[in-house]
Structure formats: structure tokens, C-alpha cells
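Structure assessment
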Amino acid sequence: MSTQVPEQEGEAESSADAETDASVESPQEQRMAKKATDRAYRDAQKKAQEEIAAAEEAVRMKVFRYDPEVEGKQEPRFDEFHVPFEKGMTVLDALMYARDHYDPSLTFRHSCRQAVCGSDAMFVNGQQRLCCKTQMSDLEWPVRVEPLPHQDVVKDLVVDMQHFYDQMHSVEPYFQGENAPDGEEQKQTRENREKIKMSTRCIWCGACMSSCNIAAGDNEYLGPAAINKAYRFYMDEREDEAELEEHRLRILEQEHGVWRCQTQFSCTEVCPKDIPLTEHIQELKREAVKSNLKFW
Amino acid sequence: MSQSYNRGLIEDFGRWKEFQAGMWAWIFHKFTGWILVGYLFTHIAVLSTATTGAETYTQTLQGLESIFVVRILEIGLLATAVFHILNGTRLLLVDLGIGLGSQDRSFYASLVLTGAIVVASVPTFLAGLGGGA
Ligand code: SF4
Ligand code: FES
């Protein structure tokens, strides 16, 4: 499908290398290199046309585009791509096809392609989803692909995740506590493992945070993912010092912590790992109340 | 990063068609809550002008009850209050960790129940209109 691409990239790279190689290339050579790249893309596009004609169906995609570095692309717009549909095609497959055959500047993140790395969360047909997990056949066409809402767009479908990571780190997402005897393994009961099982599944995709409009309105709100991460450690019996639990609760109980959640369930709806986020937040609210009612 | 683009809040309410049950429940709950607060103040304001004597009080109320729009508004008030109470109960259960898995169904149930109660109340609210209180 995309045999053209390595070639084009190779050519583009080599011409770029030559340019940086202290102007050894004459203007004519540069023009020729550019022509070669253009030709390669024309070929790729032609091939795409042929494939579309041959394919039984073509998916229409509307993709959000924005590039701060290119004048004329700074105003966001939607580009349309027609991609030959194949059985089992995911949104990510289609995006890659569009990038490889139509526009090499189309930018998006992805890595594992199997719902493990969390890097390709996007806003597909009005909902936060992992593109590699979302089947084209499950969506209504034309498929509209946008970057995650409520996060600044860096380029095309890529958003700035810094704030999300900051919130995640703010709940101290790592084991603490001194109770482990040196050299001995710390065991966890089966029940406790079951209890925190779902909360350990988070892949830091940011879909939940992006879907939460409380988080959108309050930049300091920890957000569902961070609270879930805190739940994972708070509920873990291996962190059993009272002081530590108190410390974790203090982080969660702050003004912009668990109490901001207004049980809209948006996070739970979109989480690609089916983590019951709202449930975990509510449970922590109850823990907070219990710890404050001393007669409990 | 040289620059980035903030799409602002436009997507929030411009996308109402994509909202799901929990989001609608939240919006309706806020909305009905504010209406009830607004009503409470109007109620106090109107009644406080009518407490000068039994006569004024009866006149004011009868005057109000003879207006068709007021009767309709009363039905609206009942709908608002009933939904707010039912959804409030739903939220309380959610807070206690009950029925989290069926939160959308309980929202729809609150809507249906509100509708039923309101429809059943119509004859009572519109009774005696035109023929005096
Ligand atoms: S909780 Fe779910 S939606 Fe949120 S970041 Fe983790 S995996 Fe993604
Ligand atoms: S590419 Fe890794 S989660 Fe989709």
C-alpha cells in the first residue's frame, strides 16, 4: 500500500541533507530534487486514486489541520481525505494512509498501535477515542478527526500534554512507605489486587481529562486520571502507614481535588481501558469524609 | 513549541448533540437548580407585597391564579422541582456508590417519571380557569 513512502522520505531527506551540507547543491540540483519529490508524491496520489477506484468503498475523512509554522495554515481548517476502505481498518490506519499518500505533513502521534501506549487519543466523531482501537466500520462516515479538546494544539492532531502530565505527577504516582522489610518481597492479597486491578490499567492517554468539562473550566482540578492514579496507591494495602494515607488524602481532598467531580461520567464513558473512573472518585470522596468525621 | 492553538470553549456547548446522559443530567440539574432559586426569590418578593392584610393577600393570589400564563408557569415549576428532586436522589445514590453502572438509565427514568407526574398534574393545575378561582 505504501511502498512509495520510504522512497519519498528518502529522497526528501537526502535533498534536505544536501541543503544543510553547506550549499554544495546548485539551484538547479535543488530544483531537480524538488521535482523528484513532487513526482514521487504525484505517483503516490495516483496510486491512491487507483486503489480507491479498485476498492469497493472509500471512507471520507475530515481531518483537523493547523500548523503554526506555515503561514496560511495558522488558521485551523478541515482537510478531506478519501481512503480506500479495508475490512478491519482503524482510524489510525486511515490517517496513516492519508499521510503516506496525500500529505506527508499530516501530523499525529502513535506508537504501539494496539491500545497500549496511549499516544493516539483523538477526538473522533465527537468522542475521545484511541484511533488504533477504533474501527472505521463502527463509525458514521464521513469520519471527523480532531485533536483532543481542551488541550492546546501544537500541530494538526497533536496536543500539548504537559498539563496532563503535571497533574498526573502531582499525586505522587509511585510507591512510598518504609514498611517493607529489607530484601523481603511485599505481598498483596488476591482481594486487594482485585480491588485495584482496574485502576492500574491507565495508559495515560488523556482522553478522560479531555472529556471532562469540569477539568476544562478549572485548570487546577487534578482530573480523573490523576485521581485514579492516587486511588491505585491509596487502596493498595502495601502502602499501609496511616501517615502516608493521610498524606495521600490531603492531596486528594484539596479544593481542586475529588470534590470538583460533579459525576458527569464523561471520563468513564471515554476511557479506552474501561476504568470506572467516576466510581473511584466517589469512593475517594467517601474516604475523605470518613477521615474527617473522627467519630466514624 | 513556538506557538499553539487554543480552541477555547466553543466546542463545549456547540457540540450538544454529542453529549451523553451524564452530561445532560448535569446540565438539567444546574438549570433546574437555578430556576428554583430564582423562583424562590420571586415568590418571596411577590408575597411580601401582599402581607399587608388578609384581603390583599387573597386578591393577589386570586389575581395571579386567574392568569393563564401563571397556570402554565406553575406546571413548569412542578416539572422543574420534580426533576431536580429525582435527579438529586439519583446523585445521592451515585455518591454512595449505588447504581453507578446504570447512571444513564436512572437519568432517563427521572425524565420519564417527571413527564408522567407533570402530565398527571395538568387537570389539577388548569382546573377552574376562566370560571374564577
Ligand atoms: S484513565 Fe483511561 S482515559 Fe484516562 S488517561 Fe488513563 S486510560 Fe486514558
Ligand atoms: S498507538 Fe498506542 S495506544 Fe494507539
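Residues numbered from 1 in each chain as written. Chains lettered and ligands numbered in written order. Predicted model: local features only at pLDDT ≥ 70, side-chain atom pairs only at ≥ 80, totals over all residues. Heavy atoms only, no water.

Some details on unusual backbone geometry
Residues and elements named next belong to chain A. In this structure, Pro142 follows Trp141 across a cis peptide bond, with omega equal to -5 degrees. Positionally, Pro142 belongs in the loop between strand 4 (127-130) and strand 5 (143-146). In this model, His150 sits at a positive phi of 65 degrees, which is unusual for a non-glycine residue. On the secondary structure map, His150 appears in the loop between strand 5 and strand 6 (153-155). (Helix = DSSP H or I, 4+ residues; strand = E, 2+ residues; numbered from the N terminus.)

Details of the layout of surface pockets
All names here are of chain B. Approximately 480 Å³ is the volume found for the largest pocket. Contributing to the lining of the largest pocket are 15 residues, with Tyr39, His43, Leu64, Val70 and Glu74 lying nearest its centre. Secondary structure elements with two or more residues in the lining of the largest pocket: helix 2 (21-48), helix 3 (54-65) and helix 4 (68-95). The element contributing the most residues to the lining of the largest pocket is helix 2, with six residues. Of the residues contributing to the lining of the largest pocket, the split by class is 10 nonpolar, three polar and two charged. (1 Å grid on protein atoms, 1.4 Å probe; cavity = no way out; pocket = protein on both sides within 12 Å on 5 of 7 lines; lining within 4 Å. Points joined across faces, edges and corners; volume = space filled by probe spheres on them. Nonpolar A, V, L, I, M, F, W, Y, C, P; charged D, E, K, R; others polar.)

Observations regarding the interface of chain A and chain B
Reports often express the size of an interface as the amount of accessible area lost when the parts come together. Across the contact, 32 residues belong to chain A and 24 residues belong to chain B. Approximately 2400 Å² of surface area, both sides summed, lies buried where chain A meets chain B, with 48% of it carried by carbon and sulfur atoms. For the pair chain A and chain B, the interface holds zero salt bridges. One can count five residue pairs in polar contact (both at pLDDT 80 or more) joining chain A with chain B. Residue contributions to the side of chain A that touches chain B peak at four residues, all from helix 11 (residues 277-292) of chain A. (Contact = heavy atoms within 4.5 Å. Buried area = accessible area lost by both parts, 1.4 Å probe. Salt bridge = Lys/Arg side-chain N within 4 Å of Asp/Glu carboxyl O. Polar contact = N/O pair within 3.5 Å; in protein donor to acceptor, adjacent residues only side chain to side chain.)

Description of empty space enclosed by the protein
Residues and elements named next belong to chain A. As enumerated under the stated definition, the model contains two cavities of 30 Å³ or more in all. There is about 100 Å³ of room inside the largest cavity. For the largest cavity, the lining is made up of 13 residues, of which Cys212, Cys261, Gln264, Phe265 and Cys267 are closest to its centre. Classifying every residue of the lining of the largest cavity gives eight nonpolar, five polar and no charged. Looking at the second largest cavity, it is lined by 14 residues, and the ones nearest its centre are Cys202, Cys205, Cys208, Cys271 and Pro272.

Describing the pairing of strand 5 of chain A
Residues and elements named next belong to chain A. The pairing of strand 1 (residues 58-65) with strand 5 spans three bridges and is classified as parallel. Looking at the pairing, Val63 lines up with Val145 of strand 5. Pairing of strand 3 (residues 121-124) with strand 5, which is carried by two bridges, proceeds in the antiparallel orientation. By the bridge assignment, Val124 is partnered in strand 5 with Val145. (Pairing = 2+ DSSP bridges.)

Some details on the side chain of Thr263 of chain A
Inspection of the secondary structure puts Thr263 of chain A in the loop between helix 9 (242-253) and helix 10 (266-270). Note on Thr263 of chain A: relative accessible area 6%, which makes it buried. Setting aside its immediate chain neighbours within four residues, Thr263 of chain A contacts Thr278 and Gln282 of chain A together with Leu91, Val94 and Asp95 of chain B. (Buried < 20%, exposed > 50% of the residue type's maximum accessible area, 1.4 Å probe, protein only.)

Quick word on the packing of aromatic side chains
Given two aromatic rings, one states the distance between the centres and the angle between the planes to describe the pair. Overall, the coordinates contain 14 aromatic pairs over all chains when judged by the stated rule. Geometrically, the ring pair formed by Phe164 of chain A and Trp204 of chain A is edge-to-face, given 6.4 Å between the ring centres and 85 degrees between the ring planes. Placement of Phe164 of chain A in helix 4 (residues 162-170) and of Trp204 of chain A in the loop between helix 5 (190-197) and helix 6 (207-211) is noted, with a sequence separation of 40 residues between them. For Phe164 of chain A, a relative accessible area of 3% translates into the label buried. Relative accessible area serves as the criterion here: at 23%, Trp204 of chain A is assigned to the partly exposed category. Between Phe83 of chain B and Phe107 of chain B the ring centres are 6.2 Å apart and the planes differ by 85 degrees, which places this aromatic pair in the edge-to-face class. Of the two residues, Phe83 of chain B is situated in helix 4 and Phe107 of chain B in helix 5 (residues 103-126); the sequence distance between them amounts to 24 residues. Exposure remark for Phe107 of chain B: the relative accessible area of 2% places this residue in the buried category. Site record: aromatic cluster; members linked through ring pairs are Phe19, Trp24, Phe28, Phe83, Phe107 and Tyr108 of chain B. (Phe/Tyr/Trp six-rings, centres within 6.5 Å; stacked < 30°, edge-to-face > 60°.)

That is the geometry; function is a separate question.
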